[in-house]
Amino acid sequence: MKGIRVRLKGLAKHFGRVVALRTLDLDVRAGEMVAFLGPSGCGKTTTLLMIAGIYQPTAGEIYFGERRVEHLHPRDRDVGMVFQSYALYPHLTIFDNIAFPLTLKKIAPAEVARRVRQIADLLGIAHTLDRRPGQVSGGQQQRAALARALVKEPQVLLLDEPLSNLDAQIRVQARGEIRRLQQEIGVTSILVTHDQSEALAMADRVAVFSTGELQQFAPPDELYRRPANTFVARFVGYPPMNLLEGRYEPGAFVLDDLRIPVPPGHPAGRGWLGFRPEDATLDGDVPGRVTVAEALGRENLVTLRIGPAEVKVLVPQGRRPAPGTPARLGYRREHVHFFDASGRRVGA
Ligand SMILES: Nc1ncnc2c1ncn2[C@@H]1O[C@H](COP(=O)(O)OP(=O)(O)OP(=O)(O)O)[C@@H](O)[C@H]1O
Ligand SMILES: [Mg+2]
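Residues numbered from 1 in each chain as written. Chains lettered and ligands numbered in written order. Predicted model: local features only at pLDDT ≥ 70, side-chain atom pairs only at ≥ 80, totals over all residues.

A. Broad picture of the overall build of the protein chain. On a plain count of helices and strands, the protein chain comes out with 8 helices and 20 strands. Within the protein chain, the proportion of its 348 residues that are buried is 38%. Restricting to contacts in the protein chain with at least 6 residues of sequence separation, those with at least 24 account for 63%. (Helix = DSSP H or I, 4+ residues; strand = E, 2+ residues; numbered from the N terminus. Buried ≥ 20, exposed ≤ 12 C-beta atoms within 10 Å, placed from the backbone. Contact = placed C-beta atoms within 7 Å.)

B. Representation of unusual backbone geometry in the model. With an omega of -5°, the peptide bond running from Tyr238 to Pro239 counts as cis. Structurally, Pro239 is set in the loop between helix H8 (230-235) and strand S11 (242-249). Phi is positive for Lys106, which is not a glycine, with a value near 60°. Here Lys106 is to be found in the loop between helix H2 (94-104) and helix H3 (109-122).

C. Up close: helix H1 (residues 44-52). Taking burial as the measure, the 9 residues of H1 include 7 buried ones, the bulk of the element. Among the residues making up H1, those that are buried are Lys44, Thr45, Thr46, Thr47, Leu48, Met50 and Ile51. Positive backbone phi, at 95°, marks Gly53, one or two positions downstream of H1.

D. How the structure looks around the pairing of strand S8 (residues 188-193). Counting buried residues along S8, 6 of its 6 residues qualify, which places the element largely inside the surrounding structure. Across the two faces of S8 the burial is the same, with Thr188, Ile190 and Val192 and Ser189, Leu191 and Thr193 all buried. Across 5 bridges, the pairing between strand S3 (residues 33-37) and S8 is parallel. By the bridge assignment, Leu37 is partnered in S8 with Thr193. As defined by bridge partners, strand S7 (residues 156-160) adjoins S8 across 5 bridges and the pair is classed as parallel. Residue pairing across strands places Asp160 opposite Val192, the latter belonging to S8. (Pairing = 2+ DSSP bridges.)

E. Representation of H2 within the structure. Regarding H2, the residues found buried are Ile94, Phe95, Asn97, Ile98, Ala99 and Leu102. Its buried side turned inward, H2 meets H3 and helix H4 (138-150). Taken from the residues just after H2, Lys106 is the one with a positive phi, measuring 60°.

F. Representation of the packing of H2 against H4. Direction vectors running N to C along H2 and H4 enclose 30°, while the axes themselves pass 7 Å from each other. Taken together, the axes of H2 and H4 lie roughly parallel to each other. Seen along the crossing, H2 lies across H4 with a hand that is right-handed. Contacts between H2 and H4 pair Ile94, Asn97, Ile98, Phe100 and Pro101 from the former with Ala144, Ala147 and Arg148 from the latter. Of the residues contributing to the contact of H2 with H4, the split by class is 6 nonpolar, 1 polar and 1 charged. (Axes fitted to C-alpha atoms, helices over the stretch in contact; angles between N-to-C directions. Parallel < 35°, antiparallel > 145°, perpendicular 65-115°, else oblique. Left-handed = near helix turned anticlockwise from the far one by under 90°. Nonpolar A, V, L, I, M, F, W, Y, C, P; charged D, E, K, R; others polar.)

G. Examining the sheet that holds S8 more closely. The strand order across the open sheet built from 6 strands is S6-S7-S8-S3-S9-S10, with neighbouring strands paired in mixed fashion. Among the strands making up the open sheet, the edge pair consists of strand S6 (79-82) and strand S10 (213-218). Here the strands of the sheet are splayed against their neighbours by 15° on average, with no regard to which way each runs.

H. Spatial organisation of the site of ligand 1. In the neighbourhood of ligand 1, the contacting residues comprise Phe15, Val18, Ala20, Gly38, Ser40, Gly41, Cys42, Gly43, Lys44, Thr45, Thr46 and His194. Contributions of two or more residues to the shell around ligand 1 are made by strand S2 (18-28) and H1. Looking at the shell around ligand 1, the element that brings in the most residues is H1, giving 3 residues. A breakdown of the residues in the shell around ligand 1 according to their chemical character gives 4 nonpolar, 7 polar and 1 charged. (Near = placed C-beta within 6 Å.)

This is how it looks when you write it as structure tokens:
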């Protein structure tokens, strides 16, 4: 099985007056795993369903390799899809569920059996094949749905929130399994999720969406280190980045009485300053007061009021200051992010 390059050009989808997807240009490399990440209603599923051929685009083009596919029926697109609900047939055995796409293609029974066993082995569910979906665990149902999508050996694998029905522990394990399998098979994959940690953990590159518009398309570490705007800065990373709205003056970011030094040459005017909780300390020179200190396990998350704003600071486990305690905010200068009034990143 070999993945194929997937390109979206000027892709858009309107449902009457609702603009589900504005205009999307995206280039997914052969064999790559890309995550579509964004809050509910931002257009992730709509985009996926256009790639699958279930929705017809309002405008734009979809290429698999050099071939345009918008006019092709889903059956003729060579796509495997896993839905959030799995959509396994409850009255069929796991074997028959996985075999279903092959049976539709009228492949000989012996060949069907061979391929079903092979994929079931790969996913560790060979021992469940004669049971029905109701007689296996959630994690096994999820793997059966994945097996059904992969048994056709598709060129493109589309996954819509495939892990959302699993409990937290199995979820983390399933992430690793899907990723390993995807790399092993080399199938070009798009994973839809609203969970930023899932997207960062699984994908080669992440496309972040907000209200039908692509915000940034980048590898996980770049998304984290250089968010293109305040939306991405807030959405990616947990606990989220601290963002203060104020005014840039020569040499300083000013928020009421608060003056935070900034590098020279920064454009003046209103804007945002951001830093992540792990890049901040309680040993700096900006005076503040602790309002809350929460234990997160390995670290404590301290909320600090400085001037009119509240910021979060991650501190080592041993340190948990009581509410009301004075503290002085510090932050690593090299990890401060600047954004203009419209939220767009300024500088490196
Ligand atoms: N068949 C439809 N008819 C009308 N509007 C639709 C239809 N499908 C989606 N929409 C609208 O298009 C927008 C994008 O929906 P979409 O399902 O793509 O979001 P999503 O990012 O997958 O969200 P979620 O994380 O909740 O699944 C939403 O405003 C939604 O209400
Ligand atoms: Mg969706």
